[in-house]
Amino acid sequence: MTTNVLILCTHNSARSVLAEGMLNHWAKQLGTNIKAYSAGSAPSGRINPFALEALQGAGVDTAGYRSKSWDEFTAPEAPPLSIVVTVCDSAAAEQCPVFFGGAGQPVKVHWGYPDPSNADGGDDGKRRAFELTRQAIGYRMLQLAQLPLEAMTKAEQQLALSKIAQN
């Protein structure tokens, strides 16, 4: 059974996209049955080109990536979600819609990161910020991808994800 993970941030243009790309990349590399998605509460309608550049530089296939609303994941035909991760503080503070998991509500965790779009230093500064954010997010996504999620209870998943947040 596939473990579906939804990563949220407000605009679904940078951090959540980096997380989706890195989790899918690690899941493929490790041969785990995890599928990552990303969405936003107020999607911008475009992905930040620096996010795509950082992912592509890490060997991540970004074909088909788009900025989308979290509403797509509340419909009956949406994939059943096991885990929801917020990666920006504003999305974590918002009232999330009801997401349906395979067995009730998904496990929720917040892993906050500063917005690399706000970096100083022109394009070079933004590139550095996006790459550093990709690396930090990628490290946590690797830890998530290495968990034996299918063998864990929701309480065990919650505890493991909370521990990852402390690293």
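Residues numbered from 1 in each chain as written. Predicted model: local features only at pLDDT ≥ 70, side-chain atom pairs only at ≥ 80, totals over all residues. Heavy atoms only, no water.

Trainee: Tell me about helix α5 (residues 154-165), and please be specific about residues and values.
Mentor: Taking 1.5 Å of rise per residue, 12 residues should cover 16 Å, and α5 covers 16 Å from first to last C-alpha, within 8% of that figure. Buried residues of α5: Q157, A160, L161 and I164, and no others. Seen from one end, α5 has its buried residues packed into an arc of 95°, which puts them on one side. Next to the buried residues of α5 lie β3 (81-86), β4 (107-110) and α4 (122-145). (Helix = DSSP H or I, 4+ residues; strand = E, 2+ residues; numbered from the N terminus. Expected span 1.5 Å × (residues − 1). Buried < 20%, exposed > 50% of the residue type's maximum accessible area, 1.4 Å probe, protein only. Arc of directions from axis to C-beta. Contact = heavy atoms within 4.5 Å.)

Trainee: Which residues make up the packing of aromatic side chains, and what are the values?
Mentor: Applying the stated criterion to the full structure yields two aromatic pairs. Centre to centre, the rings of F50 and F130 are 5.9 Å apart; their planes meet at 35°, and the pair counts as tilted. With F50 in helix α2 (residues 49-57) and F130 in helix α4, this residue pair connects regions lying 80 residues apart in the sequence. Among the residues examined, F130 registers a relative accessible area of 0% and is labelled buried. (Phe/Tyr/Trp six-rings, centres within 6.5 Å; stacked < 30°, edge-to-face > 60°.)

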